[in-house]
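Listed here are the chains, written in short residue letters.
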Amino acid sequence: MTAILYILAAVGVLAIAYAVFIVVDAFRHPPMG
Amino acid sequence: MGWAVVGQIVTGWFVIDLITGVYHFVIDHRKPSDPVIGGQVADFQEHHENPRSMEKCGLLARVWLPTVMALPALAFARYGLPWFWWTVFAGALVSQQAHYWAHRGPLAPWYARALQQLGVLISPDAHGRHHGDFERSYGVLNGWSHGALDLLLGRRTT
């Protein structure tokens, strides 16, 4: 159970880090498409 | 229903327009080669070229992904402000459908057009501003957050 919580926490941290990255990175480019 | 509940619902309806608007900004500015959200990036950017491309997919396709992405909101509904979090979840669930109806114009169902006129859902005019240059008015649910979104994310080169 504890291991599952650690894995979920790690996935959550990665997801938040990725979300922050793509928001910040979006400011560096003009709209595409 | 007390005023506190009404306040939670109205605030939730605004906040989810803001959140989906930020996400819309992100997918408008990323490349379709993105390993995580590339599929949505490609779909949205195709939609810019051809706004009717949304008609290719059905209701379920427009609803399932925002629903999955909003599931964490339900975890918060167990703790304070449950109406706020349920409204955030519901708003995410229907956000792409509201966007679709904004593109259907007079072909949208009567109840959708009524909600657009009431300002509960985004109107064709409010969303049309986004399709002018794709650099403003990123809201897809109701457009209530356009002022804040334009201030934060709007065109920065003029």
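Let us look at the structure shown here. (Residues numbered from 1 in each chain as written. Chains lettered and ligands numbered in written order. Predicted model: local features only at pLDDT ≥ 70, side-chain atom pairs only at ≥ 80, totals over all residues. Heavy atoms only, no water.)

**A closer look at the overall build of chain A**
And then number 1: The secondary structure content of chain A amounts to one helix and zero strands.
And then number 2: The C-alpha extent of chain A, read off along each of the three principal axes, is 45 × 15 × 5 Å.
And then number 3: Put simply, chain A shows about 2500 Å² of open surface, and 83% of that area lies on carbon and sulfur atoms. (Helix = DSSP H or I, 4+ residues; strand = E, 2+ residues; numbered from the N terminus. Areas by Shrake-Rupley, 256 points an atom, 1.4 Å probe, with all protein chains shown as cover.)

**So, the packing of aromatic side chains**
And then number 1: Tallying each qualifying case throughout the model produces seven aromatic pairs over all chains.
And then number 2: When the centroid spacing of 5.7 Å and the interplanar angle of 85° are considered together, the rings of Trp 110 of chain B and Tyr 111 of chain B count as edge-to-face.
And then number 3: A relative accessible area of 64% means that Trp 110 of chain B is categorised as exposed.
And then number 4: A relative accessible area of 40% means that Tyr 111 of chain B is categorised as partly exposed.
And then number 5: Among the aromatic side chains, those forming a connected cluster through ring pairs are Phe 27 of chain A together with Phe 25 and Tyr 138 of chain B.
And then number 6: Arg 62 of chain B extends its terminal NZ or CZ atom over the ring of Tyr 100 of chain B, reaching a point 3.6 Å from the ring centre. (Phe/Tyr/Trp six-rings, centres within 6.5 Å; stacked < 30°, edge-to-face > 60°. Buried < 20%, exposed > 50% of the residue type's maximum accessible area, 1.4 Å probe, protein only. Lys NZ or Arg CZ within 6 Å of the ring centre and 35° of its normal.)

**Digging into the side chain of Ser 95 of chain B**
Residues and elements named next belong to chain B.
And then number 1: Here Ser 95 lies in helix H4 (residues 82-104).
And then number 2: Looking at Ser 95, the relative accessible area reads 4%, which means it is buried.
And then number 3: One polar contact links the side chain of Ser 95 to the main-chain carbonyl oxygen of Ala 92, over a distance of 2.8 Å. (Polar contact = N/O pair within 3.5 Å; in protein donor to acceptor, adjacent residues only side chain to side chain.)

**Overview of the interface of chain A and chain B**
And then number 1: Opposite the 12 residues of chain A that make contact, chain B presents 19 residues.
And then number 2: Summed over both partners, the interface of chain A with chain B comes to about 1300 Å²; 67% of that surface belongs to carbon and sulfur atoms.
And then number 3: Together, Phe 27, Pro 31 and Met 32 of chain A form the three largest contributors to the area buried by chain A at its contact with chain B, with a combined 44%.
And then number 4: In this assembly, chain A and chain B are joined by one salt bridge.
And then number 5: Of the charged contacts in the structure, one is a salt bridge between Arg 30 of chain B and Asp 25 of chain A, with a shortest N-O distance of 2.9 Å.
And then number 6: Where chain A meets chain B, there are two residue pairs in polar contact (both at pLDDT 80 or more).
And then number 7: Across the side of chain A that touches chain B, the residue classes break down as nine nonpolar, two polar and one charged. (Contact = heavy atoms within 4.5 Å. Buried area = accessible area lost by both parts, 1.4 Å probe. Salt bridge = Lys/Arg side-chain N within 4 Å of Asp/Glu carboxyl O. Nonpolar A, V, L, I, M, F, W, Y, C, P; charged D, E, K, R; others polar.)

**Notes on the nonpolar core**
And then number 1: Core analysis: the biggest nonpolar cluster contains 16 residues, and Ile 16, Val 88, Trp 101, Leu 121 and Leu 141 of chain B have the highest contact counts within it.
And then number 2: When residues of this core are traced back to their parent elements, those giving at least two are helix H1 (3-29), helix H3 (59-76) and H4 of chain B.
And then number 3: Not counting the four nearest positions on each side in its chain, Leu 141 of chain B is found in contact with Trp 13, Ile 16, Asp 17, Gly 91, Val 94, Ser 95, Ala 98, Val 120, Leu 121 and Ile 122 of chain B.
And then number 4: Counting residues in hydrophobic clusters, the runner-up holds 11 residues, among them Ala 26 of chain A together with Val 26, Val 41 and Leu 149 of chain B. (Core = buried A, V, L, I, M, F, W, Y, C linked by side-chain atoms within 4.5 Å.)

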